[in-house]
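# Analysis of the macromolecular model
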Amino acid sequence: MKGGSLMKTPDYAQGFWNPYVAGVALGLVLLATFYLMGTGLGASGAVARTAAVVAHSVAPQAVETNGYFKEFYKPGGKHPFVNWMVVEVLGVFIGGLVAVITARRFRPGVGRGPHAGVVPRLVLAFLGGIIGGIGTRFAMGCTSGQALSGGATMAVGSWVFMMVVFATAFCAAYFVRREWS
Amino acid sequence: MTGPLFLQGAFGYEISLVIALVIGFFFGFVLERAGFGDSRNLTSIFYFRDMRVLRVMFSALSTAMVGLILLSWIGLFDYSVLLEFSLLDTYLWPQVVGGILFGLGFVIGGYCPGTAAVGVVSGKLDSIVFLLGMIAGVWIFAYGFSFWGPFYKFSDLGRITLWQVFGTSKEAMAAIVVAMALIAFVLAWLGEKWHPYDK
């Protein structure tokens, strides 16, 4: 899809599936998940569990008594990584890797606008990760779990989340336009 | 067999983990093929350069939504099980606040969690840094949990759907969502012609 008559499609946007085809394929994966499991896809839950496990390796007591992390460390419970979503995200890494290799698309680098520096971009990636990470905990999910999966089942909170995410990002985009231009 | 299979006891927990791996494989594969392993393709939507995120997400959402209704029509999916046991709960205000933070994190950081995983295997250093930032964000959330814990479960509206809010049937609501998606696809095309940031 071209950005406009004067713009050429850049390298990094070439060679992918038609977005509607990719969307229908993704929708069928989601549909299969609902049919098999009754729940949808997810991702941020695995990040939260990773954060808990890493913190637990350093300060087990503090994590087990923490008001939020203790739900991952119930007495007699399974290890936090023995979890549907953690295994699913492991599959995402493997499936993504196979897709990258078969398309010969492994290109090490830092995704940034043509006039943005590497260091500022990495600082902003970290900062964005922190803010987004906190956001996923309040929203109890992210683009996969809430927007896509909750959205497909027409859950009210998921639609509210999705609308707020995109409204905020479209407004905030102006202030970080140099990062991406 | 009528789904959802796992919730109705068709197979056990170990099998569900095998399914998780297979489902995740296809999820990751399709995300990569959609172009979502690169932060530039994900943030282009916010500058009206390339609206592929909107096209992929809205067509995926519509496919699964309509698919679930069709499956329930032919008796292959029991929608009432989903509504009773697994529909995501609505926590209105925490999800508004979470949405604001997540939207900021998305455009500043360049990824969301699932796409960052695909970014990592595509060799993108910024996606690794983004994921490390997310882990730090979860630590901050957990550290301050005694402070914002009460808000975290505030305004719990339970398992509530759009069609219940708007007082219609789920089929009518799905038709409205599909119509919204089609309008959004036209607006996306117009937005790309406009591309205000590149003039």
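Rules of the game
- Sequence order as written defines residue numbering, which begins from 1 separately in each chain.
- Working convention: letters from A go to chains and numbers from 1 go to ligands, in the order in which they are written.
- Selection of residues for local features in this predicted model requires a pLDDT of at least 70, selection of side-chain atom pairs for listing and counting requires 80 or more, and totals for whole chains, interfaces and linings are taken over all residues.
- Contact between two residues is assigned when their C-beta atoms, built from the backbone, lie within 7 Å.
- Each residue gets one of three labels, nonpolar for Ala, Val, Leu, Ile, Met, Phe, Trp, Tyr, Cys and Pro, charged for Asp, Glu, Lys and Arg, and polar for the others, Gly among them.
- In this description a helix means any DSSP run of H or I spanning at least four residues, a strand means any run of E spanning at least two, and both kinds are numbered starting from the N terminus.
- Here an axis means a line fitted to C-alpha atoms, over the contact stretch when the element is a helix, while the angle between two N-to-C directions is reported on a 0 to 180 degree scale.
- An angle below 35 degrees is read as roughly parallel, one above 145 as roughly antiparallel, one from 65 to 115 as roughly perpendicular, and any other as oblique.
- Each crossing gets its hand from how the near helix is turned against the far one by less than a right angle, where anticlockwise is left-handed and clockwise is right-handed.

### Quick word on the interface of chain B and chain A
- Listed as interface residues are 120 residues of chain B and, on the opposing side, 112 residues of chain A.
- When its residues are assigned to classes, the side of chain B that touches chain A shows 74 nonpolar, 31 polar and 15 charged.

### Side note on the environment of Ser86(B)
- Checked against the element boundaries, Ser86(B) lands in helix H4 (residues 79-86).
- Taking the C-alpha atoms as reference, Ser86(B) lies 18 Å from Val165(B); in sequence the two are 79 residues apart.

### Focus: the packing of helix H5 (residues 118-139) of chain A against helix H5 (residues 92-109) of chain B
- Contact pair H5(A) / H5(B): the axes reach a minimum separation of 7 Å and the direction vectors enclose 160°. Relative to H5(B), the element H5(A) is oriented roughly antiparallel. For the pair H5(A) and H5(B), the crossing hand works out as left-handed. Touching Leu124(A), Ala125(A), Leu127(A), Gly128(A), Gly129(A), Ile131(A), Gly132(A), Ile134(A), Gly135(A), Thr136(A), Phe138(A) and Ala139(A) of H5(A) are Pro94(B), Gln95(B), Val97(B), Gly98(B), Gly99(B), Leu101(B), Phe102(B), Leu104(B), Gly105(B), Phe106(B), Ile108(B) and Gly109(B), all from H5(B).

### What to know about the packing of helix H6 (residues 113-121) of chain B against helix H7 (residues 125-143) of chain B
All names here are of chain B.
- For the pair H6 and H7, interaxial distance at closest approach is 8 Å and the crossing angle is 140°. Between H6 and H7, the crossing angle belongs to the class labelled oblique. Regarding H6 and H7, the two cross each other, and that crossing is left-handed. Residues Pro-113, Ala-116, Gly-119 and Val-120 of H6 pack against Ser-127, Ile-128, Phe-130, Leu-131 and Met-134 of H7.
- Class assignment of the residues belonging to the contact of H6 with H7 gives a composition of 7 nonpolar, 2 polar and no charged.

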